[in-house]
Structure formats: structure tokens, C-alpha cells
Amino acid sequence: MGDSSDSSNEYTLKSPPTDCISAVKFQPNSSHLLLVSSWDTGVRLYDVNSNTLRMQYNHPAPVLDCCFHDAVHSYSGGLDNTLKMYDFNAAKEFVVGSHEAGIRCVDYCPEVNVVITGSWDSTVKLWDPRTPCGTGSFSQPDKVYAMAVSGDKLIVGTAKRKVLVWDLRNMGYVQQRRESNLKYQTRCIRAFPNKEAYVLSSIEGRVAVEYLDPSPEVQKKKYAFKCHRLKDDKLEKIYPVNAIAFHQEYNTFATGGSDGYVNIWDPFNKKRLCQFHRLPSSVTSLSFSADGATLAIASSVVDEDETVGQRNPDQIFIRNLSTAETKPK
């Protein structure tokens, strides 16, 4: 396990958002286009290779999540309760639909060709990107806090530590109802690219690896571990784990916390592969490029105790990765 502190393989994006960065997402088939949503109400498209801001559109309120549908369309939602679609080629935005409360999660499932939103109104809604229009609303047990797509499955994390597994091809009933193995509020969920499992993080410095197959022999493999905790004068400070992102080829994953650290984990050997140098603020979102050679890291002030004194600027770090940092040993 190495401390990767060399800054020559890392740079920050020019023209970053001016308030907390809620999401960074690489285009699924590209390693240079990055979509970014922010509390400053903007959704931005960056070319990370040329370090340029390609385009920007806005919501009337903070944006909490965004996703690509394809190379030229993005979707975004936030505190205006509205789902927007943006066409990069035409430079036009469209209001697709809305929720009764803020939209916390926006994702796209290529297997079923559907855009999915999860909201604080305790529903998940599906949207057909061809029209685009709504195709259904599905009640969840509580406010939606986190969401992940795994093949044609949808994993939803809600308030009160509930986790639901849905089949996007048949939303008539919930496939599985679970409870998080972690004692505290769910912060992020991401699915393994191999579609066998997912990773769930909590506000209390802990991460769980969970398997989708409900059979007892597979469920025996699940585990959880502590991370993003710092000892200081015999006192341990415990930080939220805000972000998770998967390397598409290796099935290793990165976590980012309010301690300002990014760790990369090998879930098969249950080891930490590396830890990057400490960033100036909380890590709020992470995304690997399609080829796994680059990691986008959002660094923003989210916790009140960070704002004592001068506020650090919101930044997006682009880090070029070595195989040693991402490949299982």
C-alpha cells in the first residue's frame, strides 16, 4: 500500500464551479468528457484533456446529480424538483418532468434504455429518453439518498438505512428488501461492474460490500470495514464516506471522504491499494474514466467545521493513474 503523493500526475480543471460540487461523471465511452453538477445551480461539460469548459446550462436551484444518456445528451436534477435534459449539439435544454421534492439521484441504464431519478419525495421515476417522457413512478419506503444501476437491476438506498433492489424490466414489485449492514445513514451506493455486488458507504467512516444473490452461501461473502478515520491525540475523528467509484475493468473501487482523502481498494483481497495525498476539502464525488486511466475527484466544503477561517475553493482534480494504483495484487 503506497501513499501516492506525487502531484506531477495530477492537475485541477480551469473554470470550476463556485459552490459545492455534487457530482462528477465521465462519459461512459470516453476518457475526456466530464459532466459536473453543483450547488451553484450549474451543470458543466469539461474536456479534461484540453482542460477546457465546453458548455454550461443552469437550473433555478442547486443541482444534486447529473448523468450522460449518450455522447450528446445529459440529464440533471436537484432542488428545483425538475429533471432537465440538455442536447449538446443543439445547445438546448428541455424540462422532462418533475418530482414533488428535490431530486437527489439521476442515473441512466443502457441495458433498458431508461433514465432514472430518485427523490426526497420517496419515489423513483423512470423516463424514456427517446421522447423524452415519464414512464412510471414507484414508491420507496422513505426519502431516496443513494442509487446505483447494475445491469438491469436498480439498487436504491433510502433514509432509515433501507436498501431495495428493483428489476428495471419489471417494476411491478420489489425484488429484494434489505437493511443496510451499517448502523448509520447511507451516503453512497455504487455497483460492481461484474454485476454481482454493490458497495454502500455511510456517514460514519464505514463501507460495506454486499452481494446481490440472496442465497445463504453467497451472502456469507459480504463484509464491511472502517475507513476515512483519523487519529489525533488519542482521539479518533470519524468522517462521512461521500463518494464511491469503480474501475470498470478491474472491479477495484475508490472511496472519498470528508477527511479529504481518496483511497483505492481491492475488494477481492480486502486490501487498500493506495491512498492519495490529502485534499484541501471534503471529497464529494469520484469518477473513473472509461479506460480506467484517469480519476476525477471533486473537492468541496460540505461540513460546517471546515468553514472556520477562509473557505477553500471548490476544485476538480484530474489524476492520471498507474496500474499499480488500481489493479488487484
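In case you missed it, the structure is sitting above this.
Note that the structure is predicted; figures quoted are calculated from it, not measured.

> Is there a simple way to think about unusual backbone geometry in this case?
Keep in mind that most residues, glycine aside, have a negative phi and that most peptide bonds are trans. Following Thr 131, the chain continues into Pro 132 via a peptide bond in cis, with omega recorded as -20 degrees. With respect to the helices and strands, Pro 132 occurs in the loop between β13 (123-128) and β14 (133-139). For Ser 15, which is not glycine, the phi torsion reads 55 degrees and is therefore positive. Examined against the element boundaries, Ser 15 turns out to sit in the loop between β2 (10-12) and β3 (21-26). Of the residues examined, Ser 15 reaches a relative accessible area of 43% and is grouped as partly exposed. In this model, Ser 122 sits at a positive phi of 65 degrees, which is unusual for a non-glycine residue. Tracing the backbone shows Ser 122 in the loop between β12 (114-119) and β13.

> Would you take a moment to explain the packing of aromatic side chains for this structure?
The relative placement of two aromatic rings is captured by the distance of their centres and the angle of their planes. Under the defined criterion, the tally for this structure stands at ten aromatic pairs. Note on Phe 68 and Phe 88: the rings are 6.2 Å apart at their centroids and 75 degrees apart in plane angle, and the pair reads as edge-to-face. Here Phe 68, found in strand β7 (residues 63-70), pairs with Phe 88, found in the loop between β9 (82-87) and β10 (92-98); they are 20 residues apart in sequence, far enough to count as distant. A residue is classified by how much of its surface remains accessible, and Phe 88, at 8% relative accessible area, is buried. Ring geometry for Phe 246 versus Phe 253: centroids 5.4 Å apart, planes at 50 degrees, classification tilted. Residue Phe 246 shares its accessibility class with Phe 253, and that shared class is buried. Here the aromatic cluster, defined as three or more aromatic residues joined through ring pairs, consists of Tyr 57, Phe 68, Tyr 86 and Phe 88.

> Got a minute to help me understand the side chain of His 228 in this structure?
In this structure, His 228 sits in the loop between β22 (223-226) and β23 (229-232). Overall, His 228 belongs to the buried group, its relative accessible area being 4%. For His 228, the side chain forms a polar contact with the side chain of Asp 259, separated by 3.0 Å. Setting aside chain neighbours within four positions, we find His 228 in contact with Gly 205, Lys 237, Ile 238, Tyr 239, Val 241, Thr 255, Gly 256, Gly 257, Asp 259, Tyr 261 and Asn 263.

> Looking at this model, I keep getting lost on the pattern of salt bridges. Mind explaining?
Oppositely charged side chains are able to pair whenever their charged atoms sit close together. Counted under the stated rule, the structure contains 18 salt bridges. Here Lys 160 makes a salt bridge to Asp 142, at a shortest N to O gap of 2.9 Å. Placement of Lys 160 in the loop between β16 (153-158) and β17 (162-167) and of Asp 142 in the loop between β14 and β15 (144-150) is noted, with a sequence separation of 18 residues between them. Glu 210 is the salt-bridge partner of Arg 178, the closest N and O atoms lying 3.9 Å from each other. One end of the pair, Arg 178, is in strand β18 (residues 176-179); the other, Glu 210, is in strand β21 (residues 206-211), with 32 residues separating them in the sequence. One salt-bridge network, held together by shared partners, links Glu 204, Arg 206, Arg 229, Lys 231 and Glu 236.

Cut-off values and rules
- Residues numbered from 1 in each chain as written.
- Predicted model: local features only at pLDDT ≥ 70, side-chain atom pairs only at ≥ 80, totals over all residues.
- Heavy atoms only, no water.
- Helix = DSSP H or I, 4+ residues; strand = E, 2+ residues; numbered from the N terminus.
- Buried < 20%, exposed > 50% of the residue type's maximum accessible area, 1.4 Å probe, protein only.
- Phe/Tyr/Trp six-rings, centres within 6.5 Å; stacked < 30°, edge-to-face > 60°.
- Polar contact = N/O pair within 3.5 Å; in protein donor to acceptor, adjacent residues only side chain to side chain.
- Contact = heavy atoms within 4.5 Å.
- Salt bridge = Lys/Arg side-chain N within 4 Å of Asp/Glu carboxyl O.

These figures come from the coordinates and say nothing about function on their own.
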